[in-house]
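Residues per chain are reported as follows:
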Amino acid sequence: MFQEFTSLIAKLIGHSLVLLRFLDKINASFPIFDEEAFLSGYEAEDDSVPPALLCQVYATSLIYWNQSPVLAPHPKPDVRYAVNMAVAALHEEFSAPGLSTLTAALIDLTGRPIFSTTGNAINSGRTVALAHCLGLNRDPSNWKLSRAEKNQRIRLWWGVVIHDKW
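What you see is a predicted model; the values in this text were computed from it and never measured.

Novice: Which residues make up a negative patch on the surface, and what values do they have?
Specialist: A contiguous patch of negative charge, built from Asp24, Asp34, Glu35 and Glu36, is present on the exposed surface. Note on placement: Asp24 falls in helix α2 (residues 15-29).

Here you go:
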């Protein structure tokens, strides 16, 4: 189901144009993930970017469709459909969560148009709970992790704190 959505975006105008809208607009103002690491995983085309995360990126990027001189002449995909696919992908991802699940949840909380305030409250609560389960509330400085993963964990934790306290 989620592969169909990403294939639809690829057929329309190509992944990279939509992805760049996300990086230029959303990630620049609320840096949820390391742009370089994300792009290298994305370009590898080896499923290193989970479908739920990709769906969230695409759905959020559609909001800025008309602001792109390259995308604006093309028919805009149905935003509500894209958001529903992204929410379904995120819900499925929570059955076996990881850092990418938390990243997708933060993107959902950050940029998705609000269709359901109850759904947003539930998503916020489970995002906070997942962050604690993954130990993001602890300082990873002395852990045996790569510098990139330590930075990602810190960045995600602050994203959760901002959404929880906002």
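Moving on, there is more to tell.
Novice: Lay out the packing of helix α4 (residues 51-61) against helix α6 (residues 99-111) with the relevant residues and their values.
Specialist: At a minimum axis distance of 8 Å, the contact between α4 and α6 shows a crossing angle of 15°. On the basis of their axis angle, the class for α4 and α6 is roughly parallel. At the point where α4 passes α6, the crossing takes the left-handed sense. The residues of α6 that touch α4, namely those facing Ala52, Leu53, Gln56, Val57 and Thr60, are Ser100, Thr103, Ala104, Ile107, Asp108 and Gly111.

Novice: Give me the packing of aromatic side chains: which residues, what numbers.
Specialist: The full count for this structure, using the stated rule, is one aromatic pair. The ring centre of Phe94 lies 4.0 Å from the NZ or CZ of Arg126, which sits over that ring.

Novice: Mind laying out the confidence of the model for the protein, listing which residues take part and the relevant values?
Specialist: Looking at the protein, the pLDDT average stands at 83 and 85% of residues meet or exceed 70. Mean pLDDT per element in the protein: helix α1 (residues 2-12) is the minimum at 59, and helix α8 (residues 147-165) is the maximum at 92.

Criteria and thresholds
- Residues numbered from 1 in each chain as written.
- Predicted model: local features only at pLDDT ≥ 70, side-chain atom pairs only at ≥ 80, totals over all residues.
- Heavy atoms only, no water.
- Patch = residues over 30% accessible without salt bridge, like charges linked within 9 Å, V, L, I, M, F, W, Y side chains within 5 Å.
- Areas by Shrake-Rupley, 256 points an atom, 1.4 Å probe, with all protein chains shown as cover.
- Salt bridge = Lys/Arg side-chain N within 4 Å of Asp/Glu carboxyl O.
- Lys, Arg positive; Asp, Glu negative; His and termini not counted.
- Charge placed at Lys NZ, Arg CZ, Asp CG, Glu CD.
- Helix = DSSP H or I, 4+ residues; strand = E, 2+ residues; numbered from the N terminus.
- Axes fitted to C-alpha atoms, helices over the stretch in contact; angles between N-to-C directions.
- Parallel < 35°, antiparallel > 145°, perpendicular 65-115°, else oblique.
- Left-handed = near helix turned anticlockwise from the far one by under 90°.
- Contact = heavy atoms within 4.5 Å.
- Phe/Tyr/Trp six-rings, centres within 6.5 Å; stacked < 30°, edge-to-face > 60°.
- Lys NZ or Arg CZ within 6 Å of the ring centre and 35° of its normal.
- pLDDT = per-residue confidence, 0-100.

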